[in-house]
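# Structural overview
What follows is each chain in one-letter form.
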Amino acid sequence: MTVELVRASAHDSDVLFAARVSTLGEQTLEQSQLEGSESEADEKRDRGLINYLMRDRHGSPFEHNSMTFYVCAPIFVFREFMRHRIASYNEESGRYRELNPVFYVPSNERNLVQVGKAGAYDFLPGTAEQTALVQQQTRAAAIHAYEAYQRMLQAGVAREVARIVLPLNIYSSMYVTLNARSLMNFLSLRTKREGSQFPSFPQREIEMCAEQMETHFEKLMPLTHASFNKNGRVSP
């Protein structure tokens, strides 16, 4: 899974000036141009305010920022992404371009055996035989489907029709734009972490994307990210 940060306007200070306008009004205008605290005392005060907002779920100050990611992943991962109606998406189109023969095949490290009840599954490593079977069958299905796709294109069939034979493990690409509040909601659902107030059990492939997005988030907004973890990884 590939996740790249394309552009961002996202700093802890974005949260602070948005929150303080309720009591300071126009006095926050100068502060809104700053990206960080000027002193250790300021940082302590800022950290306390962000933690208060996160703990008591005053969420709107976390919306005054923006992050745009480029994501390259299998289509089945994108379908899980787009269940989150909290971001803007633009995806590569199989109607307008010929799709590349790039397919996802689970690695040897991918857990294959599902145990437990619905909503609380654990996934355990498969046997060597199961891993070999998954990889062989996945490759065979992808090759067969892409050959059928190519035959239809060569016969003059429209791309939007020919693509219907392609499997969900073919790679696509898209841009995703969202703010910190939305990203925290996404991370709370698409990562499995100790200390989460509401444990989640995401599919591993989308979790791999979420982990990379969280790495960028932590660098851009370290105080906000630390408070998110401290308060049980619940979006305010």
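Residues numbered from 1 in each chain as written. Predicted model: local features only at pLDDT ≥ 70, side-chain atom pairs only at ≥ 80, totals over all residues. Heavy atoms only, no water.

In the annotation of an unreviewed UniProt entry, the entry for the protein reads Flavin-dependent thymidylate synthase, and the organism field reads Cryobacterium levicorallinum. Recorded in UniProt under Subunit (unreviewed entry), the annotation for the protein is "Homotetramer." (UniProt positions renumbered as here; feature names shortened; annotations may be inferred.)

Attention now goes to the UniProt feature "binding site: FAD" (unreviewed entry) in the protein. Taken from the UniProt record, the annotation "binding site: FAD" (unreviewed entry) applies to Ser-60, Arg-83, His-84, Arg-85, Glu-91, Asn-179, Ala-180, Arg-181 and Asn-185. For the annotated residues, spread through 126 residues, the largest C-alpha to C-alpha distance comes to 27.9 Å, inconsistent with a single compact locus. With respect to the helices, strands and loops of the structure, His-84 is situated in the loop between helix 4 (75-81) and strand 3 (88-91). A relative accessible area of 8% places His-84 in the buried class. Topologically, Arg-85 is positioned in the loop between helix 4 and strand 3. Judged by its relative accessible area of 77%, Arg-85 falls in the exposed class. (Helix = DSSP H or I, 4+ residues; strand = E, 2+ residues; numbered from the N terminus. Buried < 20%, exposed > 50% of the residue type's maximum accessible area, 1.4 Å probe, protein only.)

This paragraph deals with the pattern of salt bridges. Within the structure shown, the criterion is met by 16 salt bridges. The closest approach of N and O atoms between Glu-80 and Arg-190, which form a salt bridge, is 3.5 Å. Linking Glu-80 in helix 4 with Arg-190 in helix 7 (residues 180-190), this pair joins segments that are 110 residues apart in sequence. Arg-190 shares its class with Glu-80; the two are buried. Residues Arg-110 and Glu-205 are paired through a salt bridge, measuring 2.8 Å at the closest nitrogen-oxygen approach. Taken together, the residues Arg-110 in the loop between strand 3 and strand 4 (113-115) and Glu-205 in helix 8 (residues 204-220) connect sequence positions 95 residues apart. The exposure class of Glu-205 is buried, given its relative accessible area of 3%. Salt bridges here are not isolated pairs; linked through shared partners, they connect Arg-193, Arg-204, Glu-207, Glu-211, Glu-214 and Arg-233. (Salt bridge = Lys/Arg side-chain N within 4 Å of Asp/Glu carboxyl O.)

If you check the domain split of the protein, you get domain 1 (2-33 + 40-69 + 172-231) and domain 2 (104-169). In this complex, domain 1 contributes five residues to the contact, which on the side of domain 2 involves six residues. Where domain 1 abuts domain 2, roughly 410 Å² becomes buried across the two surfaces, and 47% of that area is made up of carbon and sulfur atoms. Scanning the region where domain 1 abuts domain 2 turns up two salt bridges. Where Lys-192 meets Asp-122, a salt bridge forms, and the shortest distance between an N and an O atom there is 3.6 Å. Between the two partners, domain 1 and domain 2, sit two residue pairs in polar contact (both at pLDDT 80 or more). Taken together, the residues of the side of domain 1 that touches domain 2 break down into one nonpolar, one polar and three charged. (Domains from an automatic or database assignment. Contact = heavy atoms within 4.5 Å. Buried area = accessible area lost by both parts, 1.4 Å probe. Polar contact = N/O pair within 3.5 Å; in protein donor to acceptor, adjacent residues only side chain to side chain. Nonpolar A, V, L, I, M, F, W, Y, C, P; charged D, E, K, R; others polar.)

Here we come to the packing of helix 8 against helix 9 (residues 222-230). Packing of helix 8 against helix 9 brings their axes to within 5 Å, and their N-to-C directions diverge by 120°. By the criterion of interaxial angle, the relationship of helix 8 to helix 9 is oblique. In contact with Glu-214, Phe-217, Glu-218, Lys-219 and Leu-220 of helix 8, helix 9 contributes Pro-222, Thr-224, His-225 and Asn-229. Residue classes in the contact of helix 8 with helix 9 are distributed as three nonpolar, three polar and three charged. (Axes fitted to C-alpha atoms, helices over the stretch in contact; angles between N-to-C directions. Parallel < 35°, antiparallel > 145°, perpendicular 65-115°, else oblique.)

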